[in-house]
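Each chain is listed here by its residues.
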Amino acid sequence: MRITVETSVAAPIDQVWRAYTTPADIVKWNAASDDWHTTRATVDLREGGAFSSRMEAKDGSMGFDFAGTYTTIVEHKLIEYAFGDRKAEVEFVPGPKGVVVRVVFDSEPTHSVEQQQGGWQAILDNFARYVAAKKTS
């Protein structure tokens, strides 16, 4: 099953793209809730390049690595990647009020569709808030 999440980011496409693909930015926005954080991220933004991020509970009780390989990169438009036996696409669609960022990904069997959609949506909403705050500072 495919799941879609999206958000609108009130910033120019170059700022949105950079924040989504730069490790120093990723560690600031890549969390679904305030009690989690990303402790490190790596990005080799090219087709065949690898990415990874380490997500951990702030209390140290648990953590996991999210990693994969980029399969398609169209600057300022599209990122496709594979992670395990799953795939995801991230679209960047400029509009009159900023950029719509849409992520479509393969679900996994461990968590409900609602949990997966909620978690990925929370991360994307966090991303939009981060970019908007960075733009104004």
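Residues numbered from 1 in each chain as written. Predicted model: local features only at pLDDT ≥ 70, side-chain atom pairs only at ≥ 80, totals over all residues. Heavy atoms only, no water.

We quote the UniProt Sequence similarities (unreviewed entry) comment for the protein here in full: "Belongs to the AHA1 family." (UniProt positions renumbered as here; feature names shortened; annotations may be inferred.)

Peer 1: Before we go on, may I ask you to explain the environment of Asp-44 in this structure?
Peer 2: Note on placement: Asp-44 falls in the loop between strand 2 (36-43) and strand 3 (50-57). Looking at Asp-44, the relative accessible area reads 29%, which means it is partly exposed. With 22 residues separating them in the primary sequence, Asp-44 and Thr-22 have C-alpha atoms 9.6 Å apart. When residues no more than four places from it in sequence are discounted, the contact partners of Asp-44 are Gly-49, Ala-50 and Tyr-70. (Helix = DSSP H or I, 4+ residues; strand = E, 2+ residues; numbered from the N terminus. Buried < 20%, exposed > 50% of the residue type's maximum accessible area, 1.4 Å probe, protein only. Contact = heavy atoms within 4.5 Å.)

Peer 1: In this structure, what is going on with the UniProt feature "domain: Activator of Hsp90 ATPase homologue 1/2-like C-terminal" (unreviewed entry) in the protein? I would like to understand it.
Peer 2: With numbering matched to this structure, UniProt assigns "domain: Activator of Hsp90 ATPase homologue 1/2-like C-terminal" (unreviewed entry) to residues 10-131. The span residues 10-131 is 29% helix and 43% strand, and its two end C-alpha atoms sit 8 Å from each other.

Peer 1: Is there a simple way to explain the layout of surface pockets in this structure?
Peer 2: Empty space among the atoms becomes visible once a probe the size of a water molecule is rolled across them. Its volume calculated, the largest pocket comes out at about 950 Å³. Around the largest pocket, the lining comprises 35 residues; the ones closest to its centre are Asn-30, Met-55, Phe-66, Trp-120 and Ile-123. Looking at the lining of the largest pocket, the elements with two or more residues in it are helix 1 (13-21), helix 2 (23-29), strand 2, strand 3, strand 4 (63-74), strand 5 (78-83) and helix 3 (113-136). When residues in the lining of the largest pocket are grouped by element, the largest group, 6 residues, is from helix 3. (1 Å grid on protein atoms, 1.4 Å probe; cavity = no way out; pocket = protein on both sides within 12 Å on 5 of 7 lines; lining within 4 Å. Points joined across faces, edges and corners; volume = space filled by probe spheres on them.)

Peer 1: What exactly am I supposed to notice about the sheet that holds strand 4 here?
Peer 2: Working definition: the strands of a sheet are paired by backbone hydrogen bonds and lie parallel or antiparallel to each other. Across the sheet, 7 strands lie side by side as 1-7-6-5-4-3-2; this open sheet has antiparallel pairing. With partners counted over all chains shown, the strands left at the sheet margins are strand 1 (2-9) and strand 2, one partner each. Here the average twist between neighbouring strands, direction ignored, is 20 degrees. By the bridge criterion, 7 bridges tie strand 3 to strand 4 in an arrangement that is antiparallel. In the sheet register, Met-55 faces strand 4, and the bridge partner there is Phe-64. The strands touched by helix 1 are strand 1, strand 2, strand 4, strand 5, strand 6 (86-95) and strand 7 (98-106); relative to strand 6, the strand with the most contacts, the crossing angle is about 155 degrees. (Pairing = 2+ DSSP bridges. Axes fitted to C-alpha atoms, helices over the stretch in contact; angles between N-to-C directions.)

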